[in-house]
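Coordinate inspection notes
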Amino acid sequence: MVRLHVNGQEKQVDADPATPILWVLRDKLGLTGTKFGCGAGLCGACTVHLDGQPTRGCVTSLATVAGHELTTVEAVTGGQDPVGSAIHAAWVRHDVAQCGYCQAGQIMTATAFLKGLPQGHLPSGVEIDAAMAGNLCRCGSYGRIRAAVADAAATLA
Ligand code: FES
Ligand code: FES
């Protein structure tokens, strides 16, 4: 059994410590908001926060996250996280999602980005694009993502 902190709760998981956390979240804990895309750390669909930092769940083992705080899209968009809520609302206003497959990962990266900005800083499009560059969208929603992140930053400022 491996003990985990997920979304503010302690969990015990019976799994091989080498198991990627993506599969622990989805198959053991029922947190299916985190998606499988490439499985190789290349697309960002599986992004979660590990101690607040965007982390790729498909290439991060259960052993790595034990003893650390793991946060998933369910917590970020569940209404308890002001930055996540601002991002979520901006995503809806800008109708960002197309097929939706990449979107949980996009939201996790965007939320971590805004949390890391100095208070009141309004990021430029270049800053937003740089922060989001590791999250791929096969539907090409990048322009709407950029607008929604800027909108959320303005809301929070
Ligand atoms: S599924 Fe993890 S980076 Fe693509
Ligand atoms: S909305 Fe379809 S992959 Fe991004």
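Counting restarts for each chain, with residues numbered from 1 along the sequence as it is written. Whichever chain is written first is A, and whichever ligand is written first is 1; the rest continue in order. In keeping with the predicted nature of the model, local features appear solely for residues at pLDDT of at least 70, side-chain atom pairs appear and are counted solely at 80 or more, and the whole-chain, interface and lining totals rest on all residues. Calculated side-chain values reflect all of the structure's heavy atoms, with hydrogen atoms and water omitted.

**Structural notes on the pairing of strand β1 (residues 2-6)**
Selection rule: A 1.4 Å probe rolled over the protein chains alone gives each residue an accessible area, and that area as a share of the maximum for its type sets the label: buried under 20%, exposed over 50%, partly exposed in between. Helix and strand labels come from DSSP, where a helix needs a run of H or I of at least four residues and a strand needs a run of E of at least two; each type is numbered from the N terminus. Strand pairing is assigned whenever DSSP identifies at least 2 bridges connecting the two strands.
Taking every second residue as pointing to the same face, the buried face of β1 carries Val2, Leu4 and Val6, while none of Arg3 and His5 on the other face is buried. Summarising the sheet, β1 and strand β2 (residues 9-13) pair through five bridges and their orientation is antiparallel. Paired with Val6 across the bridge in β2 is Gln9. Between β1 and β2, which pair antiparallel and follow one another directly, the connecting turn spans two residues, one of which, Asn7, has a positive phi of 50°. Across two bridges, the pairing between β1 and strand β5 (residues 69-71) is parallel.

**Focus: the domain arrangement of the protein chain**
The condition is simple: All domain edges in this entry derive from an automatic or database-based domain assignment. We call two residues in contact whenever any of their non-hydrogen atoms come within 4.5 Å of each other. Buried area counts how much accessible surface, traced with a 1.4 Å probe, disappears from two parts once they are put together, with both parts' losses summed. By definition here, a salt bridge exists when the distance from a side-chain nitrogen of Lys or Arg to a carboxyl oxygen of Asp or Glu is within 4 Å. Side-chain atoms alone can form a polar contact between residues adjacent in sequence; in general such a contact is a pair of N or O atoms within 3.5 Å, and within protein one must be able to donate a hydrogen while the other accepts it. Following the grouping adopted for this structure description, the nonpolar residues are Ala, Val, Leu, Ile, Met, Phe, Trp, Tyr, Cys and Pro, the charged ones are Asp, Glu, Lys and Arg, and the polar ones are all others, Gly among them.
Here the protein chain is partitioned into domain 1 (2-74) and domain 2 (82-156). Taking only C-alpha atoms into account, the centre of domain 1 sits 21 Å from that of domain 2. Between domain 1 and domain 2, the residue contacts involve 17 residues of the former and eleven residues of the latter. Here domain 1 packs against domain 2, burying approximately 1000 Å² in sum over the two surfaces, 63% of which is carbon and sulfur. Broken down residue by residue, the surface that domain 1 buries against domain 2 is led by Thr47, His49 and Val73, which jointly contribute 38%. Applying the counting criterion to the domain 1 and domain 2 interface returns zero salt bridges. Here domain 1 is connected to domain 2 by five residue pairs in polar contact (both at pLDDT 80 or more). Listing elements by their share of the side of domain 1 that touches domain 2, those giving two or more residues are β3 (47-50) and β4 (53-56). With three residues, the top contributor of residues to the side of domain 1 that touches domain 2 is β3. Tallied by class, residues from the side of domain 1 that touches domain 2 come to seven nonpolar, eight polar and two charged.

**Overview of the environment of Cys46**
Positionally, Cys46 belongs in the loop between α1 (21-28) and β3. Discounting residues that sit within four places of it in the chain, Cys46 has contacts with Leu22, Thr34, Lys35, Thr55, Arg56, Gly57 and Cys58.

**Here's the deal with the side chain of Gln106**
Its location among the elements puts Gln106 in helix α5 (residues 103-116). At 3.5 Å, the side chain of Gln106 and the backbone oxygen of Asn135 are in polar contact. Each residue touching Gln106, except ones within four places of it in the same chain, is listed here: Trp91, Met132, Asn135, Leu136, Cys137 and Ile145.

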